[in-house]
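Structural features, examined
One letter stands for each residue in the lines below.
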Amino acid sequence: MKNESAVQFETESRIHIGLAVRNLEQSVAFYTTLFGHGPTKTRLRYAKFEVAEPPVNLALNEVGGAAGPNNSVAHFGIQLKSTEAVGMVADRLKAAGLQIAIEDKVTCCYAVQ
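Residues numbered from 1 in each chain as written. Predicted model: local features only at pLDDT ≥ 70, side-chain atom pairs only at ≥ 80, totals over all residues. Heavy atoms only, no water.

Within this structure, the stated rule accounts for three salt bridges. One salt bridge connects R14 with E50, and the closest N-O pair in it is separated by 2.5 Å. In this pair, R14 is assigned in strand β1 (residues 13-21) and E50 in strand β3 (residues 46-51), connecting sequence segments 36 residues apart. R14 sits in the buried class, given a relative accessible area of 4%. Several salt bridges share partner residues, and in doing so they unite R14, K48 and E50 into one network. (Salt bridge = Lys/Arg side-chain N within 4 Å of Asp/Glu carboxyl O. Helix = DSSP H or I, 4+ residues; strand = E, 2+ residues; numbered from the N terminus. Buried < 20%, exposed > 50% of the residue type's maximum accessible area, 1.4 Å probe, protein only.)

Printed below as a string of structure tokens:
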């Protein structure tokens, strides 16, 4: 079974960035202006922008006091189109002798990996 991304994107992969923000409303307003459209998903203290140009999945996570100029990154990743594509990259990394950690069925930014 091929599990695909909930929102399709044109490239084979795209950057995924999770940022910790102090004020979600202000951050959403800023990124809405920057990208030219609003978030594709919102939850309590969370918003996600899926942008075609540049190809990025940007998640904003509102935190109390932990965000700041030296502590704003929650996580970085590369989003692939399917579970099959993730497996192919994992195989390539293993073949190159790199150690990997498999995290099946892990929730990240309100999506199950």
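On we go.
Looking now at the environment of A90. Positionally, A90 belongs in helix α2 (residues 83-95). Using a relative accessible area of 11% as the deciding quantity, one classes A90 as buried.

Turning our eyes to something else, we now look at the packing of aromatic side chains. If you walk through the whole model with that rule in mind, you get four aromatic pairs. Relative to F49, the ring of Y31 lies with its centre 6.2 Å away and its plane at 50 degrees, an arrangement referred to as tilted. Pair noted here: Y31 is in helix α1 (residues 24-35) and F49 is in strand β3, with a separation of 18 residues, a long-range link. The residues Y31 and F49 share a single accessibility class, namely buried. Here F35 and F49 contribute two aromatic rings whose centre-to-centre distance is 5.8 Å and whose plane-to-plane angle is 55 degrees, an arrangement assigned as tilted. With F35 in helix α1 and F49 in strand β3, the pair connects residues that are 14 residues apart, well separated along the chain. Residue classification places F49 among the buried residues on the basis of a relative accessible area of 0%. What links up through ring pairs into an aromatic cluster is the set F30, Y31, F35 and F49. (Phe/Tyr/Trp six-rings, centres within 6.5 Å; stacked < 30°, edge-to-face > 60°.)

For the rest of this paragraph, the subject is the side chain of K48. Counting through the fold element by element, K48 comes out in strand β3. A residue is classified by how much of its surface remains accessible, and K48, at 7% relative accessible area, is buried. Once you skip the residues sitting within four places of it in the chain, K48 turns out to touch P39, T40, K41, N57, L58 and A59. (Contact = heavy atoms within 4.5 Å.)

The backbone of R45 shows a phi angle near 60 degrees, a positive value even though the residue is not glycine. Within the secondary structure, R45 sits in the loop between β2 (41-43) and β3. For R45, a relative accessible area of 43% puts it in the partly exposed group.

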